[in-house]
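# Fold and contact review
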Amino acid sequence: MEQRFRCVPPATYTDPVDTTFALTQIQPPRRRSAQIARPRLDDSLSQALMSRRLVLLVAAAGFGKTSALAAQIERLPHGTALAWVSLDEGDDSRRLLAGLVAALEPHDLPWRTDPQALLAQVGDEGPGVKRAVAELVNALAGADCPHGVIVVDDLHRALPPVAELLDAMIERLPPQWTVAIATRVEPALALPRLRAAGELAELHLDDLRFDADESGRFAAALAGTETSAPGGPQLAELIERTQGWPAGLRLCLAASRTRAGGLSARRGPLDRAVFDYLASEVLDDMPAPLHDFLVRCSVLPALTAARAAAVSGDAAAAERLEEVERRGLFATALDAQERTLVLHDLFREALAHRLERDLPDELPTLLQRAAASEPDAMRRVAFLLRAGDWAAAEATLVEVSDELVLQGASAELQRAAQQFPPDWRDRSARLQRLQGLAACQRWRWAEMAAHMEGAAAASRDEGDVEGQQLAQAYLASAYHALGRSDHVRALLDELEPQPLSREARVIALVGECSWHFQRGDHDAVPPLFARLVDELEGTQSLLTWWKGAPGMTWATLRGIRPVLQRYFAGALRRIGERALPLRALIHIQQAYAHLWAGRVPDALAEAAIAESDVRWLACSADIETNVTVFRTLADAMHGRAAAVEHALAELIVREDNASSAERRQVWRHQVATFAVRLTDVLGSDAAALTRWGAELADRPLEQPGRVSGIRARLAAAQGQWDDAASLFTELLAQASRMDLMGQAIELHLRTGHALLQCGRIGEAADALHPALARLIAEGEHGHALMAGPAVLAALARARWGEQLPQAQQSVLRELATLAAGLRAQAPSSSPSPSLLTVREQEVLGRIAAGDSNKAIARAFDLSPHTVKRHVANILDKLAVQSRGQAAAWHRARMQP
């Protein structure tokens, strides 16, 4: 099963680079001083937020959608959870989920999977998004709140897939939660279904516009008077012209103060063109310093004193922001510790237009300053791309690319690269290489090969020898996955005599190991991998260690175990306390190494750690599959036939949705071969062997001996020992090429057993001798467990006399005892419920006392991430769904 279980780049999470979400986007706006009560709108909206699945506000800019929702914050019943997410231009599914995670953080959702790890898997393909939505919905269902409201503001700014994500979330939304969406255009959601079910409340333009009374009270509030409405024909004219458009009325009143003549110069209904005209008058009436400050700051999505000063160069930025609020300009103050203003879209657009008209030469510099003050890496890249500073944008993307790759953020990386101009992107070796790595993470080998070919050509044109070598090393890996063995060999032969960078040497050595392994030249792999580990031990780069990870099926190669231990120790030392799926990969590889060594309890302990990491860290399907395969092997060795059958049934269909028919077929053949061996471990079953063997009969297979091995096993199962002995003996010539997952040792043992059944004891001893000598020399007995307890018991009982050395006969008895002992253990493959650790008991006590995750983190000097994982472990072990249920469990057992 090498093709599937070869260590390809997993979706690996580390400290976030681009999964952060600007705090300004999760802070609801403060209530404006000029905001008026609107009982009809407020009451209907309040009722909808507490009773409907979806509340949808759809209207053009300036109709008060955000203000209407913000006014509801104070009206929400006590205990209602609120999460507010405002979207920016170009936000995608990943950004929305990051915002939801950040906005929901104060409510201590009982996450069963690390939300940051989920974000790392959200890209342009369905599985990651589906899993993230499923985990989010489950966490919302376990929230300890009577009701919750999630506000998604400015949905129209986001990319189309965001609506698909919201649709999936709303469809499965727990009943105690409501989603409220504000947008300028009706979103692509399943609205007819929600309408039919009575789960949708809709507010459109006519519901949001001011009536005459509200217009009058709004004008009075802006004027600072206490009258219900200022009199005079001018106000009546304004109300008529604005037709209940709040932003238009606000701007008309501001513009009317700039000139004595009022608004008579522009008659007729107020439209966007008139709005722009009036905005110009308001801008022209400003003091020049304030005007220039706002024009320059229009490149920022939100204004704080520090960022505004950095971008505008105005040291008086704090005073300018105070003046913006004092003048009642088109800005919303967010509910943040630091004064933060968000300019209204229409007003910001007017400022941006003036910036491009009056200060076009400053725009690139302003965008570069915005990038320099932006903490989010991918937003820095976006600012630099807008500035046309391709070199700086590329350098920034390259600077954070290692972390993006470790996070598995291939879609984000690819999307950023695609935003460069085609001529720059195609000529940049670095961008081509990054796109190739992004394709590699998604198993798009042809796409990876095309990008690495482009990177090699671009490096050659630039005279960058190291870059060309690195691209060629990666290209060899892509060709290997595509089955182009001759191309792989040619590239590796070209690179071999050249002095290479460490990264290129590591990638080339991985290619060499894989090439020899695929050819069945297994003895060449351990010394090559030892050279690779020598290279890795000279770097602290975790990404380079990740790229040099060994294949999962290398663990049974002769002499490789000490080298694997060097790799495991070095990688874990560099990972430290970081919660990475790479750690899960290493632990499951260690589990395999212990299993093949015959140290089954140690193997199960490592597998338990890996399983916990796989669940919490949302590890890739490949790591999850490796854990499943290990568990199935262990179950077979313990004689748990039902568990093995269930696991095989799940494994055989795992690739049924793969895009390639060839990939589906290869996978089914790999599982079938695995199933045949496990069937024999459990005890020869002719019917099961025949059934699984049928999966292998419809396609010529490259792996030597696979079909003849089925025939030999079937003959043994049917008691046709002469045929079995003949077939197994023929296979011995290929044993070295079949030496993976214990097959070589198993083949020698089964051949010896078949010959023994035929009464050919001398030939049986000859077949056994190489295997037993190797077991003694290497001290690794796990390989032999694949022969099954019946075969091992028969071999241990035989009277070998002088045919086998006493040491080898002793090994046979030890193996038989080990195999029989495994069968005598508990019949269930599931680990018994673990007691809470001391730390988990302490955390549970704090939960029962009503402490938040943040308070628990402070009390025990832990990171919030660690507390979340402790909570997840507690819920899993107690088999409960929420913190409240866990607290009740604790209190029930603590009562005298």
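Look up a bit, the structure's there.
So, here is what we can say about the structure in this document. Per chain, residues are indexed from 1 in the order of the written sequence. Only residues with pLDDT of 70 or above have their local features reported here, since the model is predicted, and side-chain atom pairs are shown and tallied only from 80 upward, although totals for entire chains, interfaces and linings are computed over all residues. Side-chain calculation: all heavy atoms of the structure are included, whereas hydrogens and water are not.

Attention shifts here to the pattern of salt bridges. Here a salt bridge means any side-chain nitrogen of Lys or Arg lying within 4 Å of a carboxyl oxygen belonging to Asp or Glu. Enumeration according to the criterion identifies 51 salt bridges in this entry. D213 is paired through a salt bridge with R217; the nearest N and O atoms lie 3.0 Å apart. Pair noted here: D213 and R217 are both in helix α10 (residues 212-223), with a separation of four residues, about one helical turn. Judged by its relative accessible area of 47%, D213 falls in the partly exposed class. Partly exposed residues are those whose accessible area sits between 20% and 50% of the maximum for their type, while under 20% is buried and over 50% is exposed, using a 1.4 Å probe and protein chains only. By relative accessible area, R217 is classed as partly exposed at 23%. For the purposes of this entry, the term helix denotes a DSSP run of H or I that reaches at least four residues, the term strand denotes a run of E that reaches at least two, and both are numbered from the N terminus.

To continue, consider unusual backbone geometry. With phi around 60 degrees, D154 is a residue other than glycine that occupies positive phi space. Position of D154 relative to the elements: it lies in the loop between β3 (148-153) and α7 (161-171). One non-glycine residue with positive phi stands out, namely A879, at about 60 degrees. On the basis of relative accessible area, A879 is assigned to the exposed category, the value being 65%.

Here we take up the sheet that holds strand β2 (residues 81-86). In this scheme, strands are said to pair when DSSP sees at least two bridges between them. As summarised here, the arrangement of the five strands in space is β2-β3-β4-β1-β5, forming an open sheet in which the pairing is parallel. With partners counted over all chains shown, the strands left at the sheet margins are β2 and β5 (200-203), one partner each. Recorded for the sheet is a direction-independent mean angle of 15 degrees between the axes of neighbouring strands. Alignment of strand β1 (residues 54-58) against β5, held across four bridges, turns out to be parallel. Note that in β5 the partner of L54 across the bridge is L200. Here, axes are lines fitted to C-alpha atoms. For helices the fit covers the stretch in contact, and angles between N-to-C directions go from 0 to 180 degrees.

Stacked, tilted and edge-to-face are the three classes assigned to paired rings of Phe, Tyr and Trp, where Trp is represented by its six-membered ring and a pair needs centres within 6.5 Å; plane angles under 30 degrees give stacked, over 60 edge-to-face, the rest tilted. All chains considered together, the criterion is met by seven aromatic pairs. Taking the centre distance of 5.4 Å and the plane angle of 35 degrees together, the rings of W545 and Y567 count as tilted. Here W545 is found in helix α29 (residues 542-547), whereas its partner Y567 is found in helix α30 (residues 561-575), with 22 residues between them in sequence. Just as W545 is buried, Y567 falls in that class too. Measuring from ring centre to ring centre gives 5.6 Å for Y592 and F630, while their planes differ by 85 degrees; the resulting arrangement is edge-to-face. With Y592 in helix α31 (residues 581-597) and F630 in helix α33 (residues 621-637), this residue pair connects regions lying 38 residues apart in the sequence. With a relative accessible area of 3%, Y592 lands in the buried category. Members of the aromatic cluster, connected to one another through ring pairs, are F517, F529, W545, W554, Y567 and F568. To sit over a ring, a charge needs its Lys NZ or Arg CZ within 6 Å of the ring centre and within 35 degrees of the ring normal. One residue, R489, lies across the ring of W515, its end atom 4.4 Å from the ring centre.

Relative orientation of the contacting elements helix α21 (residues 410-418) and helix α23 (residues 429-441) amounts to 150 degrees, with a least axis distance of 9 Å. One way to sum up the angle between α21 and α23 is to call them roughly antiparallel. Handedness of the crossing formed by α21 with α23: left-handed. Within the contact between the two elements, α21 uses S410, L413, Q414, A417 and Q418 and α23 uses L434, Q435, A438 and Q441. For classification purposes, angles smaller than 35 degrees are called roughly parallel, those larger than 145 roughly antiparallel, those between 65 and 115 roughly perpendicular, and all remaining angles oblique. Take the far helix as the reference: if the near one is turned anticlockwise from it by less than a right angle, the crossing is left-handed, and if turned clockwise, right-handed. Two residues qualify as a contact provided that any one of their heavy atoms is within 4.5 Å of a heavy atom in the partner residue.

Moving on, we come to a negative patch on the surface. On the surface, D461, E462, D464 and E466 cluster together to form a negatively charged patch. Residue position: D461 is located in helix α24 (residues 445-462). Put simply, a patch holds well-exposed residues, over 30% relative accessible area, that have no salt bridge, with like charges counted together within 9 Å and Val, Leu, Ile, Met, Phe, Trp or Tyr side chains within 5 Å. The accessible surface values rely on the Shrake-Rupley method and a 1.4 Å probe; as for residues, cover is taken only from the protein chains in view. In this count, Lys and Arg are taken as positive residues and Asp and Glu as negative ones, while His and the chain termini are left out. By convention, charge coordinates are those of NZ in Lys, CZ in Arg, CG in Asp, or CD in Glu.

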